[in-house]
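Residues per chain, in single letters:
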Amino acid sequence: MKLIVYLAGQIHDDWREEVAQKANAKNLPLEFVGPQTNHDRSDNIGEEIQGKQPSNLYKDDAASDINNFRTQVLMHKADIVIALFGEKYKQWNTAMDASTAIAMNKPTIIIRPESLTHPLKELSNKANVTVETVDQAIDVIHYIFD
């Protein structure tokens, strides 16, 4: 059985590669999908497809439509959602994706440092599992196959 895992979270570092490497090390049959990780492509996709927009407001709106479409399609296909909250970057998209996954009744794992326990308490309560590390999230998934 192969599972599809949607990796929600910031796109500014290599945490997705870390998840994939640790899953591969345990021989877990997982396929990973997620948001567009090329930040410039994500920001400009509306204009790439629909042409130059009259202002940044419309540029962002057009890009958001297409990015949300991508997220919806990939999240619908996902068997599991992992939402990583870190310390360094704003986490609005992660919170939106985690909330969407929970509303879709997708099995959801939240990864967050101890310092974010309080601000994420309601979201963590709605998720299936909340952990503090990538290793713990991989162990939760590994348990499915035990």
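Residues numbered from 1 in each chain as written. Predicted model: local features only at pLDDT ≥ 70, side-chain atom pairs only at ≥ 80, totals over all residues. Heavy atoms only, no water.

**Some remarks on the pattern of salt bridges**
Cut-off, in case you're wondering: We define a salt bridge as a side-chain nitrogen of Lys or Arg found within 4 Å of a carboxyl oxygen belonging to Asp or Glu. A run of H or I in DSSP counts as a helix once it spans at least four residues, and a run of E counts as a strand once it spans at least two, with each numbered from the N terminus. To sort residues, take the accessible area from a 1.4 Å probe on protein chains only and compare it with the maximum for the residue type: under 20% means buried, over 50% means exposed, and anything in between is partly exposed.
Scanning the model with the defined rule gives 7 salt bridges in all. As a salt-bridge pair, Lys22 and Asp135 come within 3.0 Å of each other at their nearest N and O atoms. Of the two residues, Lys22 sits in helix H1 (residues 15-25) while Asp135 sits in helix H6 (residues 134-144), which places them 113 residues apart along the sequence. In this structure Lys22 comes out as partly exposed when scored by relative accessible area, which is 25%. A salt bridge links Glu48 to Arg41, with the nearest nitrogen and oxygen atoms 2.1 Å apart. When salt bridges with common partners are traced through the structure, they connect Glu18, Lys22 and Asp135 into a single cluster.

**Some details on the layout of surface pockets**
In plain terms, the rule: Put plainly, a pocket is an open set of points on a 1 Å grid over the protein atoms alone with protein on both sides within 12 Å along at least five of seven lines, a cavity is a set where a 1.4 Å probe fits but cannot get out, and a lining residue has an atom within 4 Å of a point. Grid points are joined across faces, edges and corners, and a volume is the space filled by probe spheres set on the points. Three classes are used, and their members are as follows: Ala, Val, Leu, Ile, Met, Phe, Trp, Tyr, Cys and Pro are nonpolar, Asp, Glu, Lys and Arg are charged, and the others, Gly among them, are polar.
For the largest pocket, the calculated volume is near 640 Å³. For the largest pocket, the lining is made up of 25 residues, of which His39, Ser42, Asp43, Asn67 and Asn93 are closest to its centre. Broken down by secondary-structure element, the contributors of at least two residues to the lining of the largest pocket are strand S1 (3-9), helix H2 (39-50), helix H3 (56-77) and helix H4 (92-103). The element that contributes the greatest number of residues to the lining of the largest pocket is H3, accounting for 7 residues. Taken together, the residues of the lining of the largest pocket sort by class into 7 nonpolar, 13 polar and 5 charged.

**As for the pairing of S1**
Successive side chains on a regular strand alternate, one facing one side of the sheet and the next facing the other. The following threshold applies: Pairing between two strands is assigned when DSSP locates at least 2 bridges connecting them. When the strands point away from the viewer and the path from the first strand over the helix to the second turns clockwise, the crossover is right-handed.
Counting buried residues along S1, 6 of its 7 residues qualify, which places the element largely inside the surrounding structure. Examined bridge by bridge, S1 and strand S2 (residues 30-33) share 4 bridges and lie parallel to one another. Considered in S2, the bridge of Val5 is made with Phe32. In this view, the connection linking S1 to its parallel neighbour S2 by way of H1 has right-handed handedness. Of the strand pairs in this sheet, S1 and strand S3 (residues 80-84) are connected by 5 bridges, and their pairing is parallel. Each residue of the ladder has a partner; that of Tyr6, found in S3, is Val81.

**Digging into the nonpolar core**
To be explicit about the condition: Side-chain atoms within 4.5 Å link the members of a nonpolar core, which is a set of buried Ala, Val, Leu, Ile, Met, Phe, Trp, Tyr and Cys residues.
Counting residues in each nonpolar core, the largest one holds 18 residues, and the members touching the most others are Val5, Leu30, Ile80, Ile82, Ile109, Ile111 and Ile141. Of all the secondary structure elements, the ones that give two or more residues to this core are S1, H1, S3, strand S4 (108-111) and H6. Here this core gets 4 residues from one element, more than from any other, and that element is H6. If you look at the next biggest cluster of nonpolar residues, it comprises 17 residues, including Ala8, Leu74, Leu120 and Leu123.

**Remarks on the side chain of Gln53**
Under the convention used in this document: By definition in these notes, contact holds between two residues if any of their heavy atoms fall within 4.5 Å.
With respect to the secondary-structure elements, Gln53 resides in the loop between H2 and H3. With relative accessibility at 16%, the residue Gln53 sits in the buried group. Residues in contact with Gln53, not counting those within four places in the same chain, are Glu47, Tyr58, Lys59 and Ala62.

**Brief notes about the side chain of Thr71**
The condition is simple: Whenever a nitrogen or oxygen atom comes within 3.5 Å of another N or O atom, the pair is scored as a polar contact, on the condition that within protein one atom can donate a hydrogen and the other can accept it, and that pairs from neighbouring residues in sequence are kept only if both atoms are in side chains.
The topology assignment puts Thr71 in helix H3. Look at Thr71 and you get buried, because its relative accessible area is 13%. Looking at Thr71, its side chain comes within polar contact range of the side chain of Tyr6, at 3.4 Å. Excluding anything up to four places from it in sequence, Thr71 contacts Tyr6 and Asp97.

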